[in-house]
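Descriptive analysis of the structure
Here are the chains, one letter per residue:
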There are 2 protein chains.
Amino acid sequence: MSKKVNIKTLAADLGVSVSTVSKSLKNSLEISKETKERVWAYAQKMNYKPNSLALSLRNKKTMTIGIIVPELVHHFFSRVISGVEQVANHNAYHLMIALSNDRLDKEKQDVEMFANGRVDGIIVSVAKESFEKNDFSHFEDLVNRNFPIVFFDRVPTSIRALKVIIDDIFGGYQATKHLIDQGAKTLGILTTPPHITVGVDRQKGFLKALRTSQLPIYNQLQISINEKYPIVKQVEKIFSQGILPDGIFAVNENYAAIALEIALEKGIKVPEELKIIGFTDGLISKTTRPRLSTVAQHGFAMGTSAAEMLLSYIENKNMLEFDRISLIETNIVQRESTEKKRNNYPVVYKK
Amino acid sequence: MSKKVNIKTLAADLGVSVSTVSKSLKNSLEISKETKERVWAYAQKMNYKPNSLALSLRNKKTMTIGIIVPELVHHFFSRVISGVEQVANHNAYHLMIALSNDRLDKEKQDVEMFANGRVDGIIVSVAKESFEKNDFSHFEDLVNRNFPIVFFDRVPTSIRALKVIIDDIFGGYQATKHLIDQGAKTLGILTTPPHITVGVDRQKGFLKALRTSQLPIYNQLQISINEKYPIVKQVEKIFSQGILPDGIFAVNENYAAIALEIALEKGIKVPEELKIIGFTDGLISKTTRPRLSTVAQHGFAMGTSAAEMLLSYIENKNMLEFDRISLIETNIVQRESTEKKRNNYPVVYKK
DNA sequence: TAAGATAACGAAAACGTTTTCGTAAGAAAA
DNA sequence: TTTTCTTACGAAAACGTTTTCGTTATCTTA
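Since we're looking at a predicted model, the values are computed, not measured.

Counting secondary structure elements, chain A contains 14 helices and twelve strands. For 351 residues, the compact-globule estimate of 2.2 N^0.38 gives 20 Å, and chain A exceeds it by more than 25% at 27 Å. Along the longest, intermediate and shortest principal axes, the C-alpha atoms of chain A span 90 × 40 × 35 Å. In chain A, which comprises 351 residues, the share counted as buried stands at 46%. Here the contacts in chain A between residues at least 6 apart in sequence split such that 72% fall between residues at least 24 apart.

Here we take up the domain arrangement of chain A. Here the domain parsing of chain A yields domain 1 (7-50), domain 2 (61-167 + 298-329) and domain 3 (168-297 + 333-338). Here the C-alpha centre of domain 3 of chain A lies 66 Å away from the C-alpha centre of domain 1 of chain A.

What follows covers the protein's contact with DNA strand C. The immediate surroundings of DNA strand C are formed by 26 residues, with N6(A), I7(A), A54(A), S19(B) and T20(B) found nearest. At the level of elements, α1 (7-14), α2 (18-25) and α4 (52-59) of chain A together with α2 (18-25) and α4 (52-59) of chain B are the ones that each hand at least two residues to the surface near DNA strand C. In terms of residue count, α2(A) provides more of the surface near DNA strand C than any other element does, five residues in total. Among the residues forming the surface near DNA strand C, the class breakdown is eleven nonpolar, nine polar and six charged.

A few words on the interface of chain A and chain B. Contacts between the two partners involve 44 residues from chain A and, on the opposite side, 44 residues from chain B. Among the elements of the structure, α4, α5 (75-90), β2 (94-99), α6 (104-118) and α13 (283-287) of chain A are those that each provide at least two residues to the side of chain A that touches chain B. For the side of chain A that touches chain B, the class distribution of residues is 22 nonpolar, 14 polar and eight charged.

What follows concerns the protein's contact with DNA strand D. Around DNA strand D, 26 residues are found, and the nearest of them are S19(A), T20(A), S32(A), I7(B) and A54(B). Top contributing element to the surface near DNA strand D by residue count: α2(B), with five residues.

This next bit is on the environment of H75(B). Among the structural elements, H75(B) can be located in helix α5 (residues 75-90). For H75(B) and G282(B), which are 207 residues apart along the polypeptide, the C-alpha to C-alpha distance reads 5.9 Å. Once you skip the residues sitting within four places of it in the chain, H75(B) turns out to touch V73(A), G282(B) and L283(B).

This part is about the sheet that holds strand β12 (residues 331-333) of chain B. Paired through their backbone hydrogen bonds, the strands of a sheet run either parallel or antiparallel. All names here are of chain B. Pairing is mixed across the open sheet formed by six strands, whose spatial order is β7-β6-β8-β9-β10-β12. Of all strands in the sheet, those bounded by a partner on one side alone are β7 (222-224) and β12. With direction set aside, neighbouring strand axes in the sheet form an average angle of 20°. Relative to β7, strand β6 (residues 187-191) runs parallel, the two sharing three bridges. By the bridge assignment, T191 is partnered in β7 with S224. Lying on the sheet, helix α9 (residues 168-181) is in contact with β6, β8 (247-250), β9 (275-279), β10 (293-296) and β12; it crosses β9 at an angle near 165°.

Residues separated by three or four positions in an α-helix point in the same direction, a consequence of the helix having 3.6 residues per turn. With 13 residues, helix α3 (residues 33-45) of chain A ought to run about 18 Å at 1.5 Å a step, and its terminal C-alpha atoms sit 18 Å apart, in line with that. N47(A) sits one or two residues past α3(A) and shows a positive phi near 55°.

Once that is clear, we can look at the relation of the copies chain A and chain B. The operation relating chain A to chain B is a screw motion whose rotation component is 180°, with 0.0 Å of axial translation and a residual RMSD of 0.1 Å. When the rotation and shift are considered jointly, the pair of chain copies conforms to a two-fold rotation axis. Taking C-alpha positions as the reference, the residue of chain A nearest the rotation axis is M96(A), at 2.1 Å. Both copies contact each other with a shared surface, as 100% of the interface residues of chain A are interface residues in chain B too.

About the thresholds
Residues numbered from 1 in each chain as written. Chains lettered and ligands numbered in written order. Predicted model: local features only at pLDDT ≥ 70, side-chain atom pairs only at ≥ 80, totals over all residues. Helix = DSSP H or I, 4+ residues; strand = E, 2+ residues; numbered from the N terminus. Rg over C-alpha atoms; globule rule 2.2 N^0.38 Å. Buried ≥ 20, exposed ≤ 12 C-beta atoms within 10 Å, placed from the backbone. Contact = placed C-beta atoms within 7 Å. Domains from an automatic or database assignment. Near = placed C-beta within 6 Å. Nonpolar A, V, L, I, M, F, W, Y, C, P; charged D, E, K, R; others polar. Pairing = 2+ DSSP bridges. Axes fitted to C-alpha atoms, helices over the stretch in contact; angles between N-to-C directions. Expected span 1.5 Å × (residues − 1). Least-squares fit on C-alpha atoms with pLDDT ≥ 70 in both.

The following block contains the structure:
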C-alpha cells in the first residue's frame, strides 16, 4: 500500500513546521494569509486527509458509537441499527457493529473492545445467554465508570442506566384486547421461557386483558416455546389441549406464522374460526396469507431514540437523567388474520 | 466518566518505568520474573486493558475491517455481513459498518473515513447511484494505492480488483431452465433497469435459456422495473400484454412475491397455470403461499469469501492475485411455485 | 584483578495529530 | 533611541502504546 501523506510530509515539502501546517489547515489566525494559502493548495493537491486514529487519540474522542446486537439477520434489529445509523450520521458519528450471537462470552469480549477507546458510547440489546446466566457484570463495570451506554429492547432490569424499551405489558394487553374486540373468547398465547423478560411482560399484558374482560384463563393454552427444541412441534401443542382456542397471541411474528400455518393445515379457518396476532411488524407478517395482524414495535424509532439518548449523554454528560427510560409506543397493525367478518380467503391447505 | 488506568499510572504506582510495565505485560525475557509477577498482579487488580487507539496508531494496524452496504434491512446484505463477521471474528478482527443508502455522496464519505486509518481494509457493495452516474473515482483512488478492498455482489466492472460475485448469467439461466423443465413455454421476466448489472446479467441468462431450448422470446414479457415508481403497477403489466406467460422469472424475491400476489388475485393458478421463480433465498419466499422457488444466492458464503480474500490480501499483500474473482455458486431451491403436477393449494383469492 | 558477558531496567523515539508556550523580527509607542 | 506590542512562526508536550538502544550492576572468565 502506497504511503499516505501526513502532516509531516506536507511540512517537509513546504519547508515549514508541522505546527504551521496544522494551524493553517484549521485556519488559525496565527498564520499569515499567504502561508495558509500555500498550505491549503498543497494539501489539496496531495489529497491530504488527517488520520482518524491520531485525531481520536489526541482528542480523546472517536466520533464512533458501538452497537451490540444478538443477531443481524433479523428485521427488528436491522431496523434499529438503521435508526441508530441515521442519527449517528446526522451528528457526524460512525457506527461499529458487533454481533453477540446471543452468547455471553462474545458479548463480554465485544463490550471490552468497545470500551477500550474504540468508541465514545455503546448501544446494546443483551444476549439471551446473559439473561439465562443472569450475568451482567460486564455492563455493571461500565455503568459504574459512567461510560455512556444505552440498553434497548432486551434490557437488564437490575441495572440503572439509560434504556429504550417498549411497554411490553401494554403491548400484550393491546394485542389481546384486539383479539377480544374482534370476537375471540377462548384465548391462547405462544410465549418465551421465563428468563426472556419481553415475553414474560407481553404475557402479563395478555393475562391482564383477559381479567379486565372477565374471560377465562386457560393455563394449558399458555405455551412457552424453548427454541432449543423444534419450534413447530411445540406450537402445535396449542391445538391439542382438549379445548381449542379461537384467538392466539404470539409474542413474535415467527410463532404467529407457524401457528397460522398449522391452523390452516388442520383445516381451521383463519380468521373466521381462529384469530391470530403477532408481535413486531416484520416481513413475514406482510407476506403470509392471510396477512398477520401484529403489534408494531417501531424498531427504527427505538434506534433513533437510543442514539439520541446516547449522544446527549456523551456530549452533555447529563448525570441527572442517568436512569431515564424512553418508552416507545406500540400500536396494532390490523391485517387479515384478525378480521371480524367472514370472508373468502383460501383457508384449506392439506399436504 | 472515571479515568481509565493506563500503562503510565501502572508504572507510577509500581515505581517502575513504562517500558518495564509494557515489557512485563508482553512477557519479555528482559524483565525478571519477580518484577513481571508484580506487574501482572497489579495490572490484573486494576483491570488494566490496553487502549486500542494507541495500539492501532503505534502498530499501524487497526484489526478492523470496514463494510459498506447500500442498506441493512435486507436479508441478503445482513446475511453477507454475518458471513463477514464470522471470519473477521475468527481472525480477531472487528467490523465497522457504514450504510450508503444507495447514495453516491454518502458512499464517498464512508470510503474516505474508512481509508483514513480507521480500518485495515474495506468490503463494499456499490450504491445504485454510483452505477447510475458511473462514478467510481473514490474506489479507483484506493485501488491505485493498493489499499485492501474487496467488492461483492454489485461490483464495478471497470475496476480491476478483488471481487466476490455470483455468476448471474448462469443463475438466470438456471432459473429459466428450471421453469422450462417444469413445463413452462411462454416465459416472462421481471428485471431491473439497465444500469444494474446483476439484473442485466440474469436477463442474459434468461435469454440464453430460451434460445438453447428453442422457445420464443417475447419482448413485451420482459419488464424492467424502475423502483422510483410504484412497483406493483409495473409488475402488473406482465399480465396485460396480450399474451399471458406460463412462467415468470423475477430477478429478486420481492418482484416474485408481487407477481405471485397479482396472479392469485387475477385467478391464475400457481403453479398449475403459471410457474414463478425468484432470486435470492430470503424470508419472503419461504412464507408466501404457495412458497416461492428461488435461485439461492448464498449471502453468507459471499460474506465469508469476501472476508477471507480481504484478510489474506491484508496479511500477505498478495499482489499476484489482485484481480482475483471469487465466484459463488448458485443453486435452485425448488418450492411450490414451480411444481410440475397439479395439486390442491388454495389458488383463488379475491379482494 | 582486569576484561568481557549478562541480566534487568530506563530513556527516548515513534505512530500522526493539536495546542500551549516560546521567540524572533519588525512596528508602534515612549 | 529604547521599550513595548504585534505578527508569524517553531519547539515541544501530550494522547497511550511499543521497541530500540543505552546504561548500570553483577557475574564470568582469562
